[in-house]
Every structure is written in structure tokens, then in C-alpha cells.
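Residue-level structural notes
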Amino acid sequence: MPTWHYFSRPSNTALHDLTHASIPTPKSLTTIIGLGLKFIPTPQRPDRNPTSTFDRFQKNFQTKVFISGKPLSSEEPFNPKIHVESDWVPKHWNIPDTIHTCMETFKRQILRLMRKRHRRTINPLPFQRQALSTLACRINVPVVNCNKNLGPALIDTSTYVDRAFADHLSNATTYTKLTEEEAILHMREIANKLKVWLKKYS
């Protein structure tokens with residue numbers, strides 16, 4: 001840890017280590033994960049691929065141009081939570097030529113700006129990046145967020161599952177254990193409802 005970081009680092013970082021003693025974890029994780037789960041590390045070179053993003057933008061924009069000024073008739077109100085995006089796109093000749101020209105100009109300008117290399121300041125220090133890389137290789141140690149604003153915590157998967165059963169699923173006042181026959185009946189009922197919904201909106 002650099003000397004300047006030792007004296008200027010935040011003093012209110014919190015990271016609860018709930019893993020077993022047999023599972024080694026980097027001690028320096030507190031300095032990076034302790035900043036909170038909303039902290040976003042800045043990479044040295046951004047991995048940006050605008051092609052897929054631009055294709056989606058072009059599809060949405062041309063669809064809005066196609067339906068603009070036309071009355072929309074819908075039997076039910078639009079619910080974005082259950083909306084399934086369609087693969088339909090307007091035909092090329094249904095969009096004015098000026099729109100195509102503007103889109104091509106916009107795409108060239110965006111690609112030209114993104115090809116430029118900007119000098120960036122990396123906020124994670126080398127020892128912090130090493131700690132994050134070590135944690136990323138251990139899929140059995142997830143990072144969870146504690147209740148009551150207690151900050152993030154490290155916990156091994158086996159302990160996480162055991163606590164989920166002990167604190168939640170085994171609580172008879174909150175959950176009811178179904179028999180196999182009852183579970184199959186509920187599964188069939190949900191499957192039938194899904195088939196009706198898919199038939200109606202597909």
C-alpha cells in the first residue's frame with residue numbers, strides 16, 4: 001500500500017468477512033469493496049463495442065419514425081414489465097431518405113469519437129486490482145449486501161445456502177412445505193397459465 005494512500009484512505013470502510021477460516025481471502029479487499037457496492041472501478045482502456053448498441057438504437061429510432069403520426073389502438077394498457085421485444089423492423093423504403101442520411105452521419109461521428117484514445121486515471125491501485133482478480137476467480141465466495149446499511153460482506157456459498165434455509169425457508173410461519181402432489185399441481189397450474197398468456201400475446 002502506498003504511503004499517500006495509507007494516510008488519505010477512507011476511515012469508514014466496512015467489509016464483513018463471513019467465510020470459513022479455511023478459505024483464504026485477500027485482506028486488501030476492504031480498501032476496495034469497503035467503499036460500497038456502488039463503487040465503479042475505472043479501467044485503463046474502456047472495452048466499448050458500439051456496434052450492438054447502435055444497432056439497437058437504430059432499430060428503436062426507425063420504429064418510432066415509422067409509427068409517428070399514426071393512431072395506436074391497443075385493447076390493453078402497455079405493461080413494460082411483461083413486454084417482449086419484437087424482431088420486426090421497418091422496411092428500408094418506409095423510412096425517409098433524410099433519416100437514413102442522418103443515421104449514417106451520426107454513426108460515423110460516434111465511431112470517430114470512440115476511436116480516439118483518451119488518457120484515463122485508474123482509480124483502483126495495483127494491489128486492489130490484484131485483490132479483485134483473486135476474488136473473481138473464486139466463484140464460491142460471493143459478495144452480498146447486508147441489511148440495515150451494514151455494508152457488503154464476503155460469505156462462502158455453503159454458509160449462504162445454510163443460512164437461507166435456517167433463516168427463511170425453514171421458518172414455518174413464513175413458508176409452507178408442500179407435498180409432492182401439491183407441488184406438481186401448482187406447477188401444472190402455472191404452466192397452463194403461461195401457455196394461455198403466450199398464446200394470447202405471441
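For the structure, see preceding data.
Structural notes, computed from the coordinates. (Residues numbered from 1 in each chain as written. Predicted model: local features only at pLDDT ≥ 70, side-chain atom pairs only at ≥ 80, totals over all residues. Heavy atoms only, no water.)

This structure, assessed with the given rule, holds 5 aromatic pairs. Between Phe 54 and Phe 57 the ring centres are 6.4 Å apart and the planes differ by 50°, which places this aromatic pair in the tilted class. Placement of both Phe 54 and Phe 57 in helix 3 (residues 50–67) is noted, with a separation of 3 residues, approximately one turn of the helix. Looking at Phe 57, the relative accessible area reads 38%, which means it is partly exposed. (Phe/Tyr/Trp six-rings, centres within 6.5 Å; stacked < 30°, edge-to-face > 60°. Helix = DSSP H or I, 4+ residues; strand = E, 2+ residues; numbered from the N terminus. Buried < 20%, exposed > 50% of the residue type's maximum accessible area, 1.4 Å probe, protein only.)

With that settled, consider the nonpolar core. Within soluble globular proteins, side chains that are nonpolar generally end up buried alongside one another. Of all hydrophobic cores here, the largest spans 9 residues; its members are Leu 15, Ile 23, Leu 29, Ile 32, Ile 33, Ala 131, Leu 135, Val 141 and Leu 154. Residue assignment for this core shows that the elements contributing at least two residues are helix 2 (30–33) and helix 5 (126–136). Ile 23 has contacts with Val 141 and Asp 156, leaving out every residue within four places of it along the chain. (Core = buried A, V, L, I, M, F, W, Y, C linked by side-chain atoms within 4.5 Å. Contact = heavy atoms within 4.5 Å.)

Here Pro 2 is to be found in the segment before helix 1 (3–8). The class for Pro 2 is partly exposed, based on a relative accessible area of 28%. Here the alpha-carbon distance between Pro 2 and Phe 127, two residues 125 residues apart in the chain, equals 9.6 Å. Other than its neighbours up to four places away in sequence, Pro 2 contacts Leu 125 and Phe 127.

Turning next to the sheet that holds strand 1 (residues 16–17). In any sheet, the strands associate via hydrogen bonds between backbone groups, in a parallel or an antiparallel arrangement. Read from one edge to the other, the open sheet built from 3 strands follows the order 1-3-2, with strand pairing classed as mixed. Each edge of the sheet is formed by a strand with only one pairing partner; in this case those strands are strand 1 and strand 2 (143–145). In the sheet, strand 1 pairs with strand 3 (residues 152–154) via 2 bridges, with the strands oriented parallel. Following the sheet pairing, Asp 17 is matched in strand 3 by Leu 154. (Pairing = 2+ DSSP bridges.)

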